[in-house]
Amino acid sequence: ISGVCKGFKNNGFAIGGYNAYTTSSVLKGSGLSSSAAFEDMVGNILNYFFNDGKIDNAEIAKISQFAENKYFGKPCGLMDQVACAVGGFVAIDFADPTKPVIEKMDFDLTSHGYSLCIVSTGGNHADLNEDYASVPAEMKAAASHFGKPVLREVGLEQLIAEIPALREKYGDRAILRAFHFINENKRVKAQTEALRDGDLDAFFDGVLASGNSSFEYLQNVYTTKNVSEQGLSLALALAQYYLADKGGAWRVHGGGFAGTTQAYVRNEDVEGYRALMDGAFGEGACIVLRVRGIGAGKVI
């Protein structure tokens, strides 16, 4: 709350005191963007109480990221805050992180006969800041080898040509994570086009490819601090077992390392999927969601 208020003041917006009662069914510490949602909510309260609702949600999302980075200490990007603030399926280009290009996709998952199923595996993000921080740190380290601030400006061929030097300076994992990043940007473009065209199968192919790359190259499905705890790995194995011949897609959700998986499941298969996951991870572990078309805002 203090961070959002400070962000408002830094940007010349008005703040003031208020009484608020909040309630949420979003699982905390499970990779479901609970902190981003809370920050966006505080930003909207300040927006409508003291700024006549004139601040757009993209600006509130940036202030929310500032609060997360500086007041909570998590070195997150802007994606969660924007997704929560804008709502629905959103494509975001972060070429200029201070002015992200946001495209709200006109796509309704429900009308295509699918539900989004989130599985909470029981892991917690509370002590994983070091794991999260290592991801952008290693990618930026690899980019710096080429005199670039980020890997967006580095091609795969350049990366491959410099592998011996990169291995010596930064280690193998940094190279694998760079592989993920460079190929992920291509996948995002393809998935965005698939949604524009209403090609759900192509979108799902991208989800699966991205999830596999996260597991193999980004390596964010479990923490090396406790390799015996691999709830996400187990949930993904069960998803593949159940959904492989039923269509849809599955992958790690959010930043990973602990927490949740996501799956796009045909409505007729949801109950079977839910029973399987609840049996493995406990009653209520599988949460069936609808992707809402609107984001944060004033209700009444």
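Computed from a prediction, not measured in an experiment: that's the story for all the values here.

**Here we look at the environment of N220**
Next up, step 1: In this fold, N220 is placed in the loop between helix 9 (200-218) and helix 10 (231-243).
Next up, step 2: Apart from the residues within four sequence positions on either side, N220 is in contact with S214, F215, V252, G254, G255, G256 and F257.

**Here we look at the environment of C5**
Next up, step 1: Counting through the fold element by element, C5 comes out in helix 1 (residues 2-10).
Next up, step 2: On the basis of relative accessibility, which here comes to 16%, the residue C5 falls in the buried class.
Next up, step 3: In this structure the C-alpha to C-alpha distance between C5 and E130, which are 125 residues apart in sequence, comes to 27 Å.

**Some points on the packing of aromatic side chains**
Next up, step 1: In the structure shown here, the tally under the stated rule is 13 aromatic pairs.
Next up, step 2: With 6.4 Å between their ring centres and 35 degrees between their planes, F179 and Y217 make a pair best called tilted. Taken as a pair, F179 in helix 8 (residues 172-197) and Y217 in helix 9 lie far apart in primary sequence, 38 residues in all.
Next up, step 3: Residue Y217 is classed as partly exposed on the basis of its relative accessible area of 33%.
Next up, step 4: When the ring centre of Y242 is taken as reference, the NZ or CZ atom of K246 above it lies at 4.3 Å.

**Comments concerning the packing of helix 1 against helix 3 (residues 57-72)**
Packed helices, taken two at a time, are described by the angle between their axes plus the distance between the axes.
Next up, step 1: Closest axis-to-axis distance for the helix 1/helix 3 pair is 8 Å, and the angle between their directions is 125 degrees. Taken together, the axes of helix 1 and helix 3 are oblique relative to one another. The handedness of the crossing between helix 1 and helix 3 is right-handed. Taken together, the residues of helix 3 that come into contact with helix 1 (itself represented by S2, G3, V4, K6, G7, F8 and N10) are I60, I63, F66, A67 and Y71.
Next up, step 2: Taken together, the residues of the contact of helix 1 with helix 3 break down into seven nonpolar, four polar and one charged.

**Some details on helix 2 (residues 34-50)**
Quick reminder: α-helices carry 3.6 residues per turn. Residues three or four places apart thus point the same way.
Next up, step 1: Compared with the 24 Å implied by 1.5 Å per residue over 17 residues, the 24 Å span of helix 2 between its first and last C-alpha is a close match.
Next up, step 2: The complete set of buried residues in helix 2 reads A36, E39, D40, V42, G43, N44, I45, L46 and N47.
Next up, step 3: Contacts made by the buried residues of helix 2 are with helix 1, helix 3 and helix 4 (79-86).
Next up, step 4: Trailing helix 2 by a residue or two, D52 shows a phi angle of about 60 degrees, which is positive.

**Structural notes on the pattern of salt bridges**
Next up, step 1: Using the criterion set out here, one finds 13 salt bridges in the structure.
Next up, step 2: We note a salt bridge from K225 to D131, for which the minimum N-O separation is 3.5 Å. Of this pair, K225 sits in the loop between helix 9 and helix 10 while D131 sits in helix 5 (residues 129-144); the two residues are 94 residues apart in sequence, bridging distant segments of the chain.
Next up, step 3: For D131, a relative accessible area of 8% gives the class buried.
Next up, step 4: With its nearest N and O atoms 2.6 Å apart, the salt bridge here joins E138 to R173.

**Digging into the environment of I182**
Next up, step 1: For I182, the location among the structural elements is in helix 8.
Next up, step 2: Expressed as a C-alpha distance, the spacing of I182 and L156, which sit 26 residues apart in the sequence, is 6.6 Å.
Next up, step 3: Residues within four places of I182 in sequence aside, it is in contact with L151, V154, G155, L156 and L159.

**So, unusual backbone geometry**
Next up, step 1: In the Ramachandran plot, D52 falls in the positive-phi region, its phi being about 60 degrees despite a non-glycine side chain.
Next up, step 2: Within the secondary structure layout, D52 lies in the loop between helix 2 and helix 3.
Next up, step 3: Non-glycine residue Q219 carries a positive phi angle of around 60 degrees.
Next up, step 4: Summarising the element assignment, Q219 is placed in the loop between helix 9 and helix 10.
Next up, step 5: Judged by its relative accessible area of 30%, Q219 falls in the partly exposed class.

**Section: the sheet that holds strand 6 (residues 286-289)**
Next up, step 1: Judged by pairing direction, the sheet is antiparallel, and its four strands sit side by side in the order 4-5-3-6 without closing on themselves. Because the sheet does not close on itself, it has two edges, and the strands there are strand 4 (249-252) and strand 6. Strand-to-strand twist across the sheet, computed as the mean angle between neighbouring axes with direction ignored, equals 20 degrees.
Next up, step 2: Two strands pair when backbone bridges link them, and strand 4 and strand 5 (residues 260-266) are joined in this way by four bridges, in the antiparallel orientation. In the strand pairing of strand 5, A249 is matched with Y264.
Next up, step 3: In this fold helix 9 packs onto strand 3 (114-120), strand 4 and strand 5, with an angle of close to 30 degrees to the strand it touches most, strand 4.

**Topic: the pairing of strand 5**
Next up, step 1: In terms of burial, strand 5 is largely enclosed, as six of its seven residues are buried.
Next up, step 2: Both strand 3 and strand 5 contribute to a ladder of seven bridges, which runs antiparallel. Its bridge partner lying in strand 5, V119 is registered against T261.

Definitions and cut-offs
- Residues numbered from 1 in each chain as written.
- Predicted model: local features only at pLDDT ≥ 70, side-chain atom pairs only at ≥ 80, totals over all residues.
- Heavy atoms only, no water.
- Helix = DSSP H or I, 4+ residues; strand = E, 2+ residues; numbered from the N terminus.
- Contact = heavy atoms within 4.5 Å.
- Buried < 20%, exposed > 50% of the residue type's maximum accessible area, 1.4 Å probe, protein only.
- Phe/Tyr/Trp six-rings, centres within 6.5 Å; stacked < 30°, edge-to-face > 60°.
- Lys NZ or Arg CZ within 6 Å of the ring centre and 35° of its normal.
- Axes fitted to C-alpha atoms, helices over the stretch in contact; angles between N-to-C directions.
- Parallel < 35°, antiparallel > 145°, perpendicular 65-115°, else oblique.
- Left-handed = near helix turned anticlockwise from the far one by under 90°.
- Nonpolar A, V, L, I, M, F, W, Y, C, P; charged D, E, K, R; others polar.
- Expected span 1.5 Å × (residues − 1).
- Salt bridge = Lys/Arg side-chain N within 4 Å of Asp/Glu carboxyl O.
- Pairing = 2+ DSSP bridges.

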